[in-house]
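Residue-level structural notes
Here is how the chains run, residue by residue.
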Amino acid sequence: MRFFVAFALTMAPVMAAAQSGVPPAALSDTQLPDPAAEARATALMQTLRCLVCQGQSIADSDADMAGDMRALVRRRIAAGERPEDIRAWLVQRYGDWVTYDPPLNAVTWPLWALPVLLLVIGAFVARGSFRRRGRGA
Amino acid sequence: MIAEFGLAALWLAAALSVLQLALSAFGLTGGRDALMAPVRSVAVVQGALTMLAFAALIALFVRVDLSVALVAANDHSQKPLLYRFAGTWGNHEGSMLLWVAVLGLAGAAVALLERRLPERTLVATLGAQAFIAIGFFAFLLFASNPFARLDPAPAEGLGLNPLLQDPGLAFHPPTLYFGYVGLSVAFSFAVGALVTRDVGPVFARAMRPWVLGAWIFLTLGITAGSYWAYYELGWGGWWFWDPVENASLMPWLAATALLHSVTVLATRDGLRAWTIMLAVVAFSMSMVGTFLVRSGILTSVHAFAVDPTRGGFILALLAIYIGGALALFALRVGTVREGQRFDAVSREGALVANNLLLSAILGVVLIGTLYPLAVEGLTGGKLSVGPPYFNAAAGPLALILVAMMGAGPLVRWRRDDGVAVLKRMALPILIAVVAFAAVWLRAPGIGVLPLLGLTVAAGAAVASVAPLWKRKLWRTPLFTYGMVVAHLGIAVALAGMASEAAFTQETLVAARPGETHRVGPWALRFDGVEPIAGENWTAIEGTLTVRRGDDAGYVMRPQARAFSAPPTETSEAAIRTVLDGQLYVVLGKADEQGRWQLRLWWKPYVTLIWLGGGLVALGGLLSLVGRVLRERRSRLVEQYA
């Protein structure tokens, strides 16, 4: 009996979501029944910015809008969409601001290139303080 | 009266800092020793006056003097004493006054305690310290006066952000500021040594305790801040790569690098210019952090001030100090004689690798934090740089760094043999391989970074205690224990981070009273909710009986709190700490069907993160005490020889 109640409780929002286009608020704070799908949803939610918050992901915000976005992510994941497609859809709608994982493009490439450059320059500079082997003490 | 007294003390202190700078500048350039004689005393009085001004502000907050604008905007008569007290620095002006007070205290401490530096270098150091202080006094007095009156005084204050109403506020900001501003001493030492062209082992040995002290506070402040965010924000995260967190991490990274390079300078007279550079960079990072947090350029819980004139002011100070120090560095670096060279495979070489990796991580954090601001400033486009970038860019570097940390202390000074080092590393490497295999077999789906994290942590933990192997333990100097404990702490913290990332389990449910839900090995029965009231809040408190296996059961009471001044809702997580982790329970809202939203997390070994941080700070403390004791002993020997 308890199992049935639990099952009904977890499935209810998914079924409700399937019936109406409006996401029921419950899906914002209840997990998907399939652990693998939920894991994909959580991983995605942790890298999406809550647009009305101050430096929080939608995965850890109490704001209503974050809840709606969590529901949206879970609903789309449950419908079989790939996380990257959902991210792309959100970026198209809200801009790059929404994703904590900056896309690699003309504006963002230095973000990845600069650390590598720093390391190379640093290694080159550090080499100067080393004594060459075999030249004596 | 108290407000006027505080303001007068602040003005006097500012005037004394001008005097302090003038005396040391004219004394040094004119070669008139008489001018330099009073510099120490001036620095002490200046520090005392700033502390007095800060004490005055504390008194105003504790007494809730609403005729002072700052108190009226941030205090409330119904607030518990602790938060009236700690609320002094829970706002822009108050926290800047704390900043300046710590700066004054640091200057006074140098004037009173520093006996090792040549007198001229010390005077130059105190002059540099005064130069920094002048800028921040000007900022306080002209752009952020904490003592401004409000007429007429309101009947009640506006109160303090409830998220800040936590014992953490009493501890976290002062600790962090002692670290931030303590680094100003390293900065001033570097400037002083550049002015008098006096960079060498004596200088390094004099600077080391101050860097260590600041670094201990920074470590404690970051660790405490991380735990505070973890339990207070109610989502179980311990690090968000938020710009404000990065602002505290960057000085720590630079100070950690400095701590290691200063050892090379003190022991082997190498890395002279680089150590000076790092001292400048470390305090620059503190100022950049202050700028990021205080200017309101980031909108976040910490950025109380959203006021562009203040931002401009701090930016100007930043340009003057960092630019000035770098210019001095560029002018004088040619006169800093090249230090001793060394083999690549040597303790010095390992420490250079440490510095290189720490600097690269610092670069990643700095670039990632500033990049969105730069892009927005230049193109107007908004983009976010968050955990996916920082983890991917800094994570691998950090893993290599921790692996190097294990090996470093096992390498000899001057020159060593690579094969011999590998032999000494045999046991740690074996342990790491076993850990890798064990984790891989038990948790096949684990991510790459957590898997490697646990592997490296296991190896580094063993390697970090290896320097004690076959030594006479009671004759091993205290600072060697310090290094061992600090390195072990890093390995422990890494294990906690990796475990949290890999093994956390989450259950989100809408629960009716009487239902039982599971997370990890725990069964939690939701018994119901009831309203309760605190000193300045009301709350709905949930009751859950949690069991693991057949144990007797333990009651947890998460709360959803509502504060009246200012009206805000917060959630107080209930946390149950056991040996192998923490159970984290949050009570959310009720829905129309009378079900309560529960968020349950089981986080295996998450406590290791803060235990590790504590060990790192303890290691620093042991090292500091060990250095100071040895110093005192050698001075006594000199006296009686």
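Residues numbered from 1 in each chain as written. Chains lettered and ligands numbered in written order. Predicted model: local features only at pLDDT ≥ 70, side-chain atom pairs only at ≥ 80, totals over all residues.

Filter applied, for reference: UniProt positions are given in the numbering used here, feature names are shortened, and annotations may be inferred rather than shown by experiment.
Chain B has the name Cytochrome c-type biogenesis protein CcmF in an unreviewed UniProt entry, where Sphingomonas prati is given as its organism. Of chain B, the UniProt comment under Function (unreviewed entry) reads exactly: "Required for the biogenesis of c-type cytochromes. Possible subunit of a heme lyase."

Within an unreviewed UniProt entry, the label attached to chain A reads Cytochrome c-type biogenesis protein, and the organism entered is Sphingomonas prati.

1. A closer look at the overall build of chain B
Applied cut-off: Secondary structure elements follow DSSP: runs of H or I of four or more residues count as helices, runs of E of two or more count as strands, with numbering from the N terminus. We take the radius of gyration over the C-alpha atoms and set the globule estimate at 2.2 Å times the residue count to the 0.38 power. Any residue whose C-beta has 12 or fewer other C-beta atoms within 10 Å is treated as exposed, any with 20 or more as buried, and any in between as partly exposed, C-beta atoms being built from the backbone.
Along chain B, the regular secondary structure elements total 19 helices and 10 strands. Its C-alpha atoms give chain B a radius of gyration of 26 Å, near enough to 26 Å, the size a compact globule of 641 residues would have. Referenced to the eigenvectors of the C-alpha coordinate spread, the extents of chain B come out at roughly 85 × 75 × 60 Å. Counting across all 641 residues of chain B, residues that qualify as buried make up 55%.

2. Notes on the overall build of chain A
Definition in use: Residues are scored as being in contact if the C-beta atoms we place from backbone atoms lie within 7 Å.
Summing up its helical and strand segments, chain A has 5 helices and 0 strands in all. Along chain A, helices and strands appear, N-terminal first, in the series α-α-α-α-α. Counting across all 137 residues of chain A, residues that qualify as buried make up 31%. Within chain A, counting contacts between residues at least 6 apart in sequence, those at least 24 apart form 46% of the total.

3. What to know about the sheet that holds strand β8 (residues 574-578) of chain B
Residue and element names in this part refer to chain B. As a reminder, the rule being used: Should DSSP find at least two bridges between two strands, the strands are taken to pair. An axis is simply a line fitted to the C-alpha atoms; with a helix, the fit covers only the stretch in contact. Between two such axes, the angle follows the N-to-C directions and lies from 0 to 180 degrees.
Spatial ordering of the open sheet is given by β1-β10-β9-β8, a layout of 4 strands whose pairing is antiparallel. Strand pairing shows two members of the sheet lacking a second neighbour, β1 (505-511) and β8, which therefore form its edges. Each adjacent strand pair in this sheet contributes to an overall mean axis angle of 15 degrees, direction not counted.

4. Side note on unusual backbone geometry
Residue and element names in this part refer to chain B. Cis geometry is adopted by the peptide bond preceding Pro152, which originates at Asp151 and carries an omega value of 0 degrees. Within the secondary structure, Pro152 sits in the loop between α7 (119-143) and α8 (167-196). Unusually for a residue other than glycine, Val64 sits at a positive phi of about 50 degrees. Mapped onto the elements of the fold, Val64 is located in the loop between α3 (39-63) and α4 (69-74).

5. Considering the UniProt feature "domain: Cytochrome c assembly protein" (unreviewed entry) in chain B
With numbering aligned to this structure, UniProt lists the feature "domain: Cytochrome c assembly protein" (unreviewed entry) at residues 89-295 of chain B. With 76% helix and 0% strand, residues 89-295 of chain B has end C-alpha atoms that lie 16 Å from one another.

6. Things to note about the UniProt feature "transmembrane region" (unreviewed entry) in chain A
Following the UniProt record, one finds the feature "transmembrane region" (unreviewed entry) at residues 107-126 of chain A. As annotated, residues 107-126 of chain A comprises 90% helix and 0% strand, and the C-alpha atoms at either end are separated by 31 Å.

7. Things to note about the environment of Leu176 of chain B
Residue and element names in this part refer to chain B. Take Leu176: it is sitting in helix α8. C-alpha separation for the pair Leu176 and Leu97, spaced 79 residues apart in sequence, amounts to 14 Å. Beyond its immediate sequence surroundings of up to four residues, Leu176 is in contact with Leu218, Gly221, Gly225 and Ser248.

8. Focus: the environment of Ala282 of chain B
Residues and elements named next belong to chain B. Turning to its location among the elements, Ala282 is positioned in helix α11 (residues 272-294). The class for Ala282 is buried, based on 31 C-beta atoms found within 10 Å. Sequence separation between Ala282 and Val211 is 71 residues; the distance between their C-alpha atoms is 9.8 Å. Beyond its immediate stretch of four places on either side in the chain, Ala282 contacts Leu183, Ala186, Pro251, Ala254, Ala255 and Leu258.

9. Digging into the domain arrangement of chain B
For clarity, the cut-off: Throughout the structure description, domain borders are defined by an automatic or database domain assignment.
Assigned domains of chain B: these are domain 1 (1-162), domain 2 (425-502 + 609-619 + 632-640) and domain 3 (505-604). Measuring from the centre of the C-alpha atoms in domain 1 of chain B to the corresponding centre in domain 2 of chain B gives 40 Å.

10. Quick look at the interface of chain A and chain B
The test is simple: By the convention adopted, Pro, Cys, Tyr, Trp, Phe, Met, Ile, Leu, Val and Ala count as nonpolar, Lys, Arg, Asp and Glu as charged, and the other residues, Gly among them, as polar.
Chain A puts 32 residues into the contact, and the matching count from chain B is 42 residues. Here the side of chain A that touches chain B gets 8 residues from one element, more than from any other, and that element is helix α5 (residues 109-127) of chain A. Of the residues contributing to the side of chain A that touches chain B, the split by class is 14 nonpolar, 11 polar and 7 charged.

11. Section: the packing of helix α1 (residues 2-30) of chain B against α3 of chain B
Residues and elements named next belong to chain B. The following threshold applies: Reported orientations rely on four angle classes, namely roughly parallel under 35 degrees, roughly antiparallel over 145, roughly perpendicular from 65 to 115, and oblique for the rest. Note on convention: the crossing is left-handed when the near helix lies turned anticlockwise from the far helix by less than a right angle, right-handed when the turn is clockwise.
Where α1 meets α3, the axes come as close as 8 Å, and the angle between the chain directions of the two elements is 160 degrees. Taken together, the axes of α1 and α3 are roughly antiparallel relative to one another. The two elements α1 and α3 cross, and the hand of that crossing is left-handed. Here the contact of α1 with α3 is built from residues that sort into 21 nonpolar, 6 polar and no charged.

12. Describing the pairing of strand β4 (residues 537-548) of chain B
Residue and element names in this part refer to chain B. Here strand β3 (residues 522-533) pairs with β4 via 11 bridges, running antiparallel. Among the inter-strand pairings, Arg525 is bridged to a residue of β4, identified as Thr545. Hairpin connection from β3 to β4: 3 residues lie between these consecutive antiparallel strands. Bridge count between β4 and strand β6 (residues 559-564): 5 bridges; the pairing is antiparallel. Counted as the bridge partner of Thr538 is Ala562 from β6. Looking at chain direction, β4 and strand β5 (residues 554-556) are connected through 3 bridges and run antiparallel. The residue bridging Val546 from the neighbouring strand is Tyr554, located in β5. Between β4 and the antiparallel strand that follows it, β5, lie 5 residues; Gly549 among them carries a positive phi value of about 65 degrees.

13. Considering the environment of Leu583 of chain B
Residue and element names in this part refer to chain B. Of note, Leu583 is situated in strand β9 (residues 581-590). Separated by 23 residues in sequence, Leu583 and Val606 place their C-alpha atoms 9.8 Å apart. In contact with Leu583, other than residues within four places in its own chain, are Trp522, Val546, Arg576 and Trp602.

14. Describing the pairing of β3 of chain B
Bridge analysis of strand β2 (residues 516-519) of chain B against β3 of chain B gives 4 bridges, and the strand direction is antiparallel. Along β3 of chain B, the bridge assignment pairs Thr516 of chain B with Arg525 of chain B.

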